[in-house]
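Inside the fold
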Amino acid sequence: MDFQLSDDQRALRAGTRELLAGRFGRDRMRAALDAGTDVDRSVWGELGAAGFFALRLPEAEGGVGLGLPESVLLFEEAGRALLPGPLAASHLAAGAVKGAAEGRTVVAVLDEGRPVAHLGAADALIALVAGEVRVLEGAALRELVRAAARPVRSLDPLTPLHRVTAPATLGDSLPGAEAVRFRREGVLLAAAEQLGSAARTTEMAVQHARGREQFGSPIGAFQAVKHLCAQMLVRAELARSAVYAAAVTADPVEIAGAKLLADEAAVRNARDCLQVYGGMGFTWEADVHLHLKRAWLRAGQWLRAAEAEETLAADLC
């Protein structure tokens, strides 16, 4: 069996990278950071027009008709670009929540026991409660935000969080939606974002090690720095293999393993990138700390390390 990317998949990945570079490059990301804008509606609309959210919908329903492996490629690129917003929830809600596929509706997700990201910018809220998928929109959502949501401190300046206390019966049931599948695919897409971040911090570290000189030589010539960069590459490629394989099989155990490896790669690569950058890496002007904060935050979303380990351990019994 050939697990290499097809020409179409490579073109999809390259096109997504080009789109994000043009619409959410570093300057725009920094502007959003300074303005405290977690969801840029114009970028969201352009993503919708490009088929980011409707990728897996059938062509007869206005989608692209592709599968989970292609979604993983898109989310990997979003992770590289540090694109903020409830991307996974909006992607998974396409076709079920009006306007989500086209990028007109921003959809957040409430998963029991976890804070809700981007609730303030959401037009709809998917709630995974009591084994059901329920949706709140309009006045019901505004009332929930007013009466049952309180902001909590977030590690990531581009990912505001709210703690929501609400009954298990909130909202309307979403016909045909399965909470288990919704959560499982959300875990995989989060792992893909972590993979993108891990790959990007590896590139950043290597680029800095080539350009920064000490004692008349690039710091990348020193063995300690070489080892750090090599270990970063190994972690990123190991996570890539796991994430891509899980996208093909959609097996819950493999998805749990992929999230575990991708979380480790994203967090540890960002920390090692900080070491390669030295004192410069701790400054606000460098982007390394943003990758680290986002990686820490994502590691606690959808599936935590302890939960993934329990899933893997249970499969051994």
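All of the points below concern the structure found in this document. (Residues numbered from 1 in each chain as written. Predicted model: local features only at pLDDT ≥ 70, side-chain atom pairs only at ≥ 80, totals over all residues. Heavy atoms only, no water.)

What follows deals with the sheet that holds strand β4 (residues 132-137). Sheet architecture is open: four strands sit in the order β1-β3-β4-β7, paired in mixed fashion. At either margin of the open sheet sits one strand with a lone partner, and together these are β1 (107-111) and β7 (172-173). Relative to strand β3 (residues 124-129), β1 runs parallel, the two being bridged by five bridges. Bridged to alanine 108 within β3 is leucine 125. The strands that helix α6 (residues 138-148) touches are β3 and β4; relative to β4, the one it contacts most, it runs at about 95°. Lying on the sheet, helix α7 (residues 179-211) is in contact with β1, β3 and β4; it crosses β3 at an angle near 110°. (Pairing = 2+ DSSP bridges. Helix = DSSP H or I, 4+ residues; strand = E, 2+ residues; numbered from the N terminus. Contact = heavy atoms within 4.5 Å. Axes fitted to C-alpha atoms, helices over the stretch in contact; angles between N-to-C directions.)

What follows is about the pattern of salt bridges. Per the stated rule, a full pass over the model turns up 26 salt bridges. Where aspartate 287 meets arginine 26, a salt bridge forms, and the shortest distance between an N and an O atom there is 2.7 Å. A residue pair is termed long-range when its members are at least 10 positions apart, and aspartate 287 in the loop between α9 (252-277) and α10 (288-299) and arginine 26 in helix α2 (residues 26-35) qualify at 261 residues. Relative accessible area serves as the criterion here: at 13%, aspartate 287 is assigned to the buried category. A salt bridge links arginine 268 to glutamate 264; its shortest N-O distance comes to 3.1 Å. Remark: glutamate 264 and arginine 268 occur in helix α9; sequence separation between them is four residues, near one turn of the helix. Salt bridges here are not isolated pairs; linked through shared partners, they connect Arg17, Glu77, Arg80, Arg200 and Glu203. (Salt bridge = Lys/Arg side-chain N within 4 Å of Asp/Glu carboxyl O. Buried < 20%, exposed > 50% of the residue type's maximum accessible area, 1.4 Å probe, protein only.)

Counted by the stated rule, this structure contains four aromatic pairs. Residues phenylalanine 52 and phenylalanine 75 carry aromatic rings whose centres are separated by 5.2 Å and whose planes lie at 45° to one another, so their mutual orientation is tilted. With phenylalanine 52 in the loop between α3 (41-49) and α4 (68-81) and phenylalanine 75 in helix α4, this residue pair connects regions lying 23 residues apart in the sequence. We classify phenylalanine 75 as buried; its relative accessible area is 0%. (Phe/Tyr/Trp six-rings, centres within 6.5 Å; stacked < 30°, edge-to-face > 60°.)

The next subject is the sheet that holds strand β5 (residues 149-152). The strand order across the open sheet formed by three strands is β2-β6-β5, and the pairing between neighbours is antiparallel. With partners counted over all chains shown, the strands left at the sheet margins are β2 (116-117) and β5, one partner each. Looking at chain direction, β5 and strand β6 (residues 161-164) are connected through four bridges and run antiparallel. When the bridges of β6 are listed, valine 152 appears paired with leucine 161.

Glancing now at the pairing of β6. The sheet contact formed by β2 and β6 spans two bridges and is antiparallel. Across the sheet, alanine 117 pairs through a bridge with leucine 161, a residue of β6.

Within the element layout of this structure, valine 253 appears in helix α9. Along the backbone, valine 253 and alanine 32 are 221 residues apart, and their C-alpha atoms lie at a distance of 37 Å. Valine 253 has contacts with Thr311, Leu312 and Asp315, leaving out every residue within four places of it along the chain.

Before going further, it helps to examine the packing of α7 against α10. In contact at an axis separation of 10 Å, α7 and α10 are set at 155° when each is read in the N-to-C sense. Judged by the angle between their axes, α7 and α10 are roughly antiparallel. Here α7 and α10 pass one another in a crossing that is left-handed. In this structure, α7 uses Ala190, Glu193, Gln194, Ser197, Arg200, Thr201 and Met204 to contact α10, whose residues at the interface are Val288, His291, Arg294, Ala295, Arg298 and Ala299. Grouping the amino acids of the contact of α7 with α10 by side-chain chemistry returns five nonpolar, four polar and four charged. (Parallel < 35°, antiparallel > 145°, perpendicular 65-115°, else oblique. Left-handed = near helix turned anticlockwise from the far one by under 90°. Nonpolar A, V, L, I, M, F, W, Y, C, P; charged D, E, K, R; others polar.)

Ranked by internal contacts, the top residues of the largest apolar core, which has 65 residues, are Leu87, Ile126, Val243 and Trp302. Broken down by element, this core gets its largest block of residues, ten residues, from α7. Each residue touching isoleucine 126, except ones within four places of it in the same chain, is listed here: Ala93, Val97, Val107, Ala108, Val109, Leu110, Val133, Arg134, Val135, Leu174 and Phe182. If you look at the next biggest cluster of nonpolar residues, it comprises 18 residues, including Met204, Ala205, Cys273 and Ala295. (Core = buried A, V, L, I, M, F, W, Y, C linked by side-chain atoms within 4.5 Å.)

Next up on the list: the pairing of β4. Note: β3 against β4, six bridges, orientation antiparallel. Paired with isoleucine 126 across the strands is valine 135, a residue of β4. Here β3 hands over to β4 after two residues, with alanine 130 in that stretch at a positive phi of 55°. Sheet topology note: the β4/β7 ladder contains two bridges and is antiparallel.

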